[in-house]
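# Inside the fold
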Amino acid sequence: MLNWTHIATVYLKELRDSLRDRRTLISMIVIPTLVMPGIIFGFGAIMTKVVKQARSEATSVVIVGGADSPDLVRALKTEKRFRVVEGADDFKTLISDKKVRVAVEFPAGFEAALKSGETKTVMIYHYEGEMKSGLGASDVEKFLRDYRERTVENRLKERGLPLALTKPFETKRQNVAPPEKVGGNIIGGFIPYLIVILCFTGAMYPAIDLTAGEKERGTMETLLCSPVHRLNIVLGKFFMVMTASLATIVLSLLSMGLTVMVGGSLLGAGKGLTAATAVGAKAAEPAFIPLIDPLGIFGVFAMIAPVAVLFAAVLLAISLFAKSYKEAQSYVSPLVIVIIMPAAIGMLPGIELNAKTALVPILNLSLVCKEMLSGVWSWSYIAIIFGSTCVYAAAALAVTVRMFNREDVIFRA
Amino acid sequence: MIEARSLTKTFRDKKRGEIFAARDITFRVEPGQIYGLLGANGAGKTTTLRMLATLLKPSAGGATVAGHDVVAAPEKVRAHVGFLAASTALYGRLTAREMIAYFGALNDLPPAEVRIRTQRLADELDMHEFLDRRCEKFSTGMKQKTSIARTLIHDPAVMIFDEPTLGLDVMTARAIVRFVRDCRARGKTVIYSTHVMSEVEKICDVIGIIHGGRLVAEGTLAQLQDRFAEREMEEIFVKAVGGEAALTAAANT
């Protein structure tokens, strides 16, 4: 029954056929090669630029009711970070329209109250969710906090008390995560998600073309006239779809690696920062290109192989049932959402790898890839995930072979 | 040789229940003979031929094709059958040569042998001009020639033609008819289905009339003419299926 010569013959023909198909070429080669640099480099570059610009630009501030607080207003005006916008009564509209980032409102008689020791509240108006407005509000807040500290220090000095009175102890944060871990966590959830989708879309077009497409064009019947056992035909086709899926992933991982290397040096250089320190250390100029454990990329590839088998088999079984290319597309397209869901859940914070999640296909991949890319190798989970995915894949392949042997599926009218 | 013994194929339909696409079909075709299966659309011609080519499994009954049982050894049957139908298309992105070589390889022919046979078939069918062009750009005539070469690459003893002239222009249809006769001359067992009366008259040694899944009449043209007391094949056919009313009724189900 099983005849590897026949499988190879079918496989090589399908490979040649697919490499001449523009749709397959685009989904298998063009998209995976361009999508990673597009997303990582493009998105990273834009983010870096936007944040840098937002930080370097002076924060426009409207001062409300500062007439009887000249010292404070003067201090605000001399601060380089701020550009004070005068006489704007409709500050709320200005902030909403993004003409001004923040407004600060001093209550009447603020400086007088400060001298007499009375506590008053200074209001900072900002636009929640607007990055520039948020940064501006933080800056104003920091300015006021410094001002308050200076006031406290002056009062202590006046009364001859030690400065430590208000600061009995200090706190400081120290990052212990290696730079890879930070990079892995920041983008580690995102990359498996992308890879899962690419693995699926890479297999999608060949799977449809090799089954429903053949039925529609009438070549399926021609092929079935040959003395080759159907098991060998379906396996030949299956290996082709898997090749497309794996090619998509290899290309996307390669282009991802190149993007990180090139992108890291491009974005990091000039500022004297490498990608690693930019993400790992609390750098003044944050770059959004992560450092990823290179071994993790190999790990991801090893883990995705059984998933590629699973996708190839499922896609073949479903599109085999369809009569035409279009019908198959309408069955398979909603499946993308089914694939995205568990992959997206894996990106959520707090979803951790455990005995249960390790058995959920795709979600387990998403979680373990996140760990591997950040240099953490939980071997027992890796074994469970690899094993369970292999079982799912084998089951899906068995269903596909059964489907191919059903004449009501092959000759569905 | 082809021997069909009570070949039966049933399908299950949600609305109409069990349907007999072919029912109790028995006939025999000897080498060097062309058996014509004549019937209206939906009479059961394609189902019968697909069972002989082992594309479908019979629900009951059986058949022996080129010495092999269609149920027990379908792969061996297919190794000795050339199946050509209006519905067996070519791979558009392969060239004619690649298409022929693919089916040669699927039939376990060594590449050197495939090259020799391709050369010979291209000579016979006058295919050299388009042998290395992709099938998607072919005219119907070129496609038909390539399909013929595809069915002949493994030199099968049995040829099954399912409405091979359907939708073809006159010249191409004539070439097909000539090719079918050629197969007979080479001693192949040929079965040929059609709904075109004139083709049956011209080329078939034995004619089987199929209607509603049953073989309703069988014989040489002369035998059928005697039995139904008609000269014209069309008149014979209408009488055999039970009159025009029966044909209309069958067409409406």
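Each chain has its residues counted from 1, running along the sequence as written. Going through the entries in the order they are written, you letter the chains from A and number the ligands from 1. Given that the model is predicted, a residue must reach a pLDDT of at least 70 before its local features are reported, and side-chain atom pairs must reach 80 or more before they are shown or counted; all residues, however, enter totals for whole chains, interfaces and linings.

### A word on the packing of helix H8 (residues 190–210) of chain A against helix H14 (residues 325–345) of chain A
Residues and elements named next belong to chain A.
- Axes here mean lines fitted to C-alpha atoms, for a helix over just the part in contact, with angles spanning 0 to 180 degrees between N-to-C directions. Only runs of H or I of at least four residues qualify as helices and only runs of E of at least two qualify as strands under DSSP, and these elements are numbered from the N terminus. With their axes 10 Å apart at the nearest point, H8 and H14 run at an angle of 165 degrees to one another. Compared by their axis directions, H8 and H14 come out roughly antiparallel. In this structure, H8 crosses over H14, and the sense of that crossing is right-handed. Of the residues in H14, those touching H8 at Pro192, Tyr193, Val196, Ile197, Phe200, Met204 and Ile208 are Tyr325, Ala328, Gln329, Val332, Val336, Ile339, Ile340, Ala343 and Ala344. Throughout, the term roughly parallel applies to angles under 35 degrees, roughly antiparallel to angles over 145, roughly perpendicular to angles from 65 to 115, and oblique to all others. Crossings are classed by handedness, with left-handed meaning an anticlockwise turn of the near helix from the far one by less than a right angle and right-handed meaning a clockwise turn. We call two residues in contact if the C-beta atoms placed from their backbones are at most 7 Å apart.

### Some thoughts on helix H9 (residues 233–240) of chain B
All names here are of chain B.
- All of the buried residues in H9 are Met233, Ile236, Phe237 and Ala240. Looking down the long axis of H9, one finds its buried residues gathered within 100 degrees of arc, a one-sided arrangement.
- Where H9 is buried, its residues contact strand E3 (34–38), helix H7 (197–203), strand E9 (206–211), strand E10 (214–219) and helix H8 (221–228).
- Phi turns positive one or two residues past the end of H9, at Gly242, with a value near 100 degrees. Partly exposed residues are those falling between the two cut-offs: more than 12 but fewer than 20 other C-beta atoms within 10 Å of their own, whereas 20 or more means buried and 12 or fewer means exposed, with C-beta atoms placed from the backbone. It is the directions from the helix axis to the C-beta atoms that the arc portrays.

### Brief notes about the interface of chain B and chain A
- Counting from both sides, the interface comprises 22 residues of chain B and, opposite them, 19 residues of chain A.
- For the side of chain B that touches chain A, the secondary structure elements donating two or more residues are helix H2 (74–79), strand E6 (81–85) and helix H3 (96–106) of chain B.
- With 4 residues, H3 of chain B is the largest single contributor of residues to the side of chain B that touches chain A.
- Charged means Asp, Glu, Lys or Arg here, nonpolar means Ala, Val, Leu, Ile, Met, Phe, Trp, Tyr, Cys or Pro, and polar covers whatever is left, Gly included. Split by residue class, the side of chain B that touches chain A holds 14 nonpolar, 4 polar and 4 charged.

### Observations concerning the confidence of the model for chain A
- One confidence number per residue, pLDDT, is output by the predictor and ranges from 0 to 100. Per-residue pLDDT for chain A has a mean of 82; in total, 88% of the residues score no lower than 70.
- Between the elements of chain A, mean pLDDT differs from a low of 40, seen in helix H12 (residues 275–280) of chain A, to a high of 95, seen in helix H1 (residues 4–19) of chain A.

### Examining the sheet that holds E3 of chain B
Residue and element names in this part refer to chain B.
- When DSSP finds two or more bridges between a pair of strands, those strands are recorded as paired. Read across the open sheet, the 6 strands follow the order E6-E7-E8-E3-E9-E10; overall the sheet is mixed. Of all strands in the sheet, those with a lone pairing partner are E6 and E10, marking the two edges. Each strand axis lies, on average, 15 degrees off the axis of its neighbour in the sheet, ignoring direction.
- Inspection of the sheet shows E3 paired to strand E8 (residues 189–194) by 5 bridges, in the parallel sense. Within the sheet, the bridge partner assigned to Leu38 lies in E8 and is Thr194.
- Packing against the sheet, helix H1 (residues 45–52) makes contact with E3, strand E7 (158–162), E8 and E9, and its axis sits at approximately 155 degrees to E7.
- Here helix H6 (residues 170–185) sits on the sheet in contact with E3, E7 and E8, set at roughly 155 degrees to E8.

### Re the sheet that holds strand E1 (residues 2–13) of chain B
Residues and elements named next belong to chain B.
- Pairing in this open sheet of 4 strands is antiparallel, and the strands run E2-E1-E4-E5 from one edge to the other. The open sheet has two edge strands with one neighbour each: strand E2 (17–29) and strand E5 (68–69).
- Direction of pairing for E1 relative to E2: antiparallel, over a ladder of 9 bridges. Looking at the pairing, Ile2 lines up with Val29 of E2.
- Across the face of the sheet, H1 comes into contact with E1, E2 and strand E4 (60–65) while running at roughly 120 degrees to E1.

### Section: the environment of Ile236 of chain B
All names here are of chain B.
- Summarising the element assignment, Ile236 is placed in helix H9.
- It is 9.8 Å that separates the C-alpha atoms of Ile236 and Met197, two residues lying 39 residues apart in sequence.
- Apart from the residues within four sequence positions on either side, Ile236 is in contact with Leu224, Gln225, Phe228 and Glu230.

### Some thoughts on the packing of helix H15 (residues 363–373) of chain A against helix H16 (residues 379–404) of chain A
Residue and element names in this part refer to chain A.
- Two numbers describe how H15 lies on H16: the axes approach to 10 Å, and their chain directions differ by 150 degrees. What the angle tells us is that H15 and H16 run roughly antiparallel. Handedness of the H15/H16 crossing: left-handed. On the side of H15, the interface is formed by Asn364, Leu365 and Val368, while H16 contributes Tyr381, Ile382 and Ile385.
- Within the contact of H15 with H16, the residues separate by chemical class into 5 nonpolar, 1 polar and no charged.

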